[in-house]
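Per-entry structural report
So you can see what is in the structure, the chains are spelled out below.
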Amino acid sequence: KGFSFDNCRRNAFMAKQGVKLPSARKTGTTIVGVIFDEGVILGADTRATGGSIVADLNCEKIHYIADNIYCCGAGTAADTEFTTNMVASKMELLKLRTGREGRVISSLRMLKQYLFRYQGHVSAALVLGGVDVNGPALHSVFPHGSSDKVPYVTMGSGSLAAMSVFEDQYKVGLNEEEAKKIVRDAIRAGIINDLGSGSNVDITVIKKGSVKQYRPYEVICQKSERQGDYSFPVGTTVVTSSVEMVPFSALRVTDEEVMEIS
Amino acid sequence: AVVSTQSGHYGRDTNYILSKEMDKQFTIPPLRPMQVSRVTTETGPFGVVDTLRSGFVNTRSEMTARHPLEQSELLYELNEQKIKLGMAKKIGGVALPLTIQTERASAAKIGRLPGIKSSYLHLEVFNGTDEDLTIEDVFEAPQPWEDLPQHPRCNNTA
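Residues numbered from 1 in each chain as written. Chains lettered and ligands numbered in written order. Predicted model: local features only at pLDDT ≥ 70, side-chain atom pairs only at ≥ 80, totals over all residues. Heavy atoms only, no water.

Overview of the overall build of chain B
Looking only at helices and strands, one finds seven helices and zero strands in chain B. For chain B, the α and β elements follow one another from N to C terminus as α-α-α-α-α-α-α. Residues classed as buried in chain B amount to 15% of the 158 residues present. Of all intrachain contacts in chain B linking residues separated by at least 6 positions in sequence, the fraction that spans at least 24 positions is 53%. (Helix = DSSP H or I, 4+ residues; strand = E, 2+ residues; numbered from the N terminus. Buried < 20%, exposed > 50% of the residue type's maximum accessible area, 1.4 Å probe, protein only. Contact = heavy atoms within 4.5 Å.)

Considerations on unusual backbone geometry
For the bond running from R215 of chain A to P216 of chain A, omega is 5°, close enough to zero to count as cis. Located in the positive-phi region is Y120 of chain B, a residue other than glycine, with phi close to 50°. For Y120 of chain B, a relative accessible area of 29% corresponds to the partly exposed category. Notably, E140 of chain B is not glycine yet its phi reads approximately 50°, a positive angle. Of note, E140 of chain B is situated in the segment after α7 (121-127).

Looking at the interface of chain A and chain B
Contact residues are listed per partner, giving 20 residues for chain A and 23 residues for chain B. Carbon and sulfur atoms make up 64% of the area that chain A and chain B hide from each other, which totals about 2300 Å². Contact with chain B buries surface across chain A, with F5, R9 and R117 of chain A losing the most and accounting together for 33% of the total. Our count for the chain A to chain B interface comes out at four salt bridges. Salt-bridge contacts for D132 of chain B lead to K90 of chain A; the nearest nitrogen and oxygen are separated by 3.5 Å. At the junction of chain A with chain B, the criterion picks out seven residue pairs in polar contact (both at pLDDT 80 or more). Where the side of chain A that touches chain B is concerned, the elements lending two or more residues are α1 (8-17), α2 (77-98) and α3 (104-117) of chain A. Among the elements that take part in the side of chain A that touches chain B, α2 of chain A stands out by supplying six residues, more than any other. Tallied by class, the residues present in the side of chain A that touches chain B amount to nine nonpolar, five polar and six charged. (Buried area = accessible area lost by both parts, 1.4 Å probe. Salt bridge = Lys/Arg side-chain N within 4 Å of Asp/Glu carboxyl O. Polar contact = N/O pair within 3.5 Å; in protein donor to acceptor, adjacent residues only side chain to side chain. Nonpolar A, V, L, I, M, F, W, Y, C, P; charged D, E, K, R; others polar.)

Some thoughts on the packing of aromatic side chains
This structure, assessed with the given rule, holds eight aromatic pairs over all chains. Here F3 of chain A and F139 of chain B contribute two aromatic rings whose centre-to-centre distance is 4.9 Å and whose plane-to-plane angle is 55°, an arrangement assigned as tilted. Here the residue F3 of chain A occupies a position in the segment before α1, and F139 of chain B occupies one in the segment after α7, the pair thus bridging two chains. For F3 of chain A, a relative accessible area of 27% gives the class partly exposed. Overall, F139 of chain B belongs to the buried group, its relative accessible area being 18%. Pairwise contacts between aromatic rings join F3, F82, Y114 and Y118 of chain A together with F139 of chain B into one cluster. The ring of Y76 of chain B has R117 of chain A lying over it, and the distance from NZ or CZ to the ring centre is 3.7 Å. The ring of Y214 of chain A carries K212 of chain A above its face, with NZ or CZ at 4.6 Å from the centroid. (Phe/Tyr/Trp six-rings, centres within 6.5 Å; stacked < 30°, edge-to-face > 60°. Lys NZ or Arg CZ within 6 Å of the ring centre and 35° of its normal.)

Some points on the packing of α2 of chain A against α3 of chain A
Residue and element names in this part refer to chain A. Taken N-terminus to C-terminus, the directions of α2 and α3 make an angle of 135°; their axes are 10 Å apart at the nearest point. Taken together, α2 and α3 sit at an angle that is classed as oblique. Judged by the twist between their axes, the crossing of α2 over α3 is right-handed. Seen from α2, the contacting residues are T83, M86, V87, K90, M91 and L94; seen from α3, they are S106, S107, M110, L111 and Y114. Among the residues forming the contact of α2 with α3, the class breakdown is seven nonpolar, three polar and one charged. (Axes fitted to C-alpha atoms, helices over the stretch in contact; angles between N-to-C directions. Parallel < 35°, antiparallel > 145°, perpendicular 65-115°, else oblique. Left-handed = near helix turned anticlockwise from the far one by under 90°.)

Here you go:
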């Protein structure tokens, strides 16, 4: 039950023989979060990479945990997906048990305990944000199980580009429009300067009692129009010789053998 | 007539001091446990390996570690219980973990007649697992059709 380690020995043997094992699909990401005066804004790009190939042009990196809590995920796509789904289910069970709206620190503790149990092998770096009875809260969670409570945070391969924007433009007491602008600027910096991030900017605005998801908020990588027409007109290729076509009905059955299937 | 009072089993003279072994039983285990027993194969009745279901047995490959987490995962629930009992001893004295262990042991014995699968409801409620889910309910969770139907006359240890 739980994780199965049956194939580990086989994989190690195959790697020793020189077989190239498939690489996990990562999200090679820029994810950010910022607290503003009424709540939290989470932002993410939408590119998923498998090695150096773009595996998904428009993947969803902002995951639902509860009605008032959302989580951005960087790292291995499957790990972030399953981890956030599991924690969302646990939060729902907890909400049914207590009869109260969930708190960000509950989901934080569930994530930390799960990730620490697997000692960093579950490669999920998360930005957890939400608004609960204690007000807006923003946490970053690292794959080994450590976390930070922060007013603004960036994670993923494009985190340095995004953090440079935050460090320049963040101030305490941002209003919603200012906060959306700096999140969009930060993700755009990650998309342009980092190869692992791309496509669109997704934003989720969480305030007390309301959540607004912009998917996409802005399209950065627009696919350009083809400049010319590369189709050839009929008759471009000169016909040098032709072969007479035999219709299928002209064929005769000479020998027949029925095969037994059972 | 003189009514003689005899001291009962729980009178002042009874020795309440529990042995040191019981005290030591509830220490919190270290975070990085020592390398314990090797991974054992699944054996059926009479201790024989079921080759049809679990494949051929290779002792050398059984000895080598497959994944660093495998050891940790096998002992995880046991370790978690040990940690909780150790904490309970620090909070409520040695009687608290003893009470918990007693109730858990007696709840594990509440079952249906042999041959029928027991629900262990008391145990699940006591452990808090009836209203929670873990990764075992997500990955490789036993599906309803995987429970083999039990004949009423066969002796079932489950």
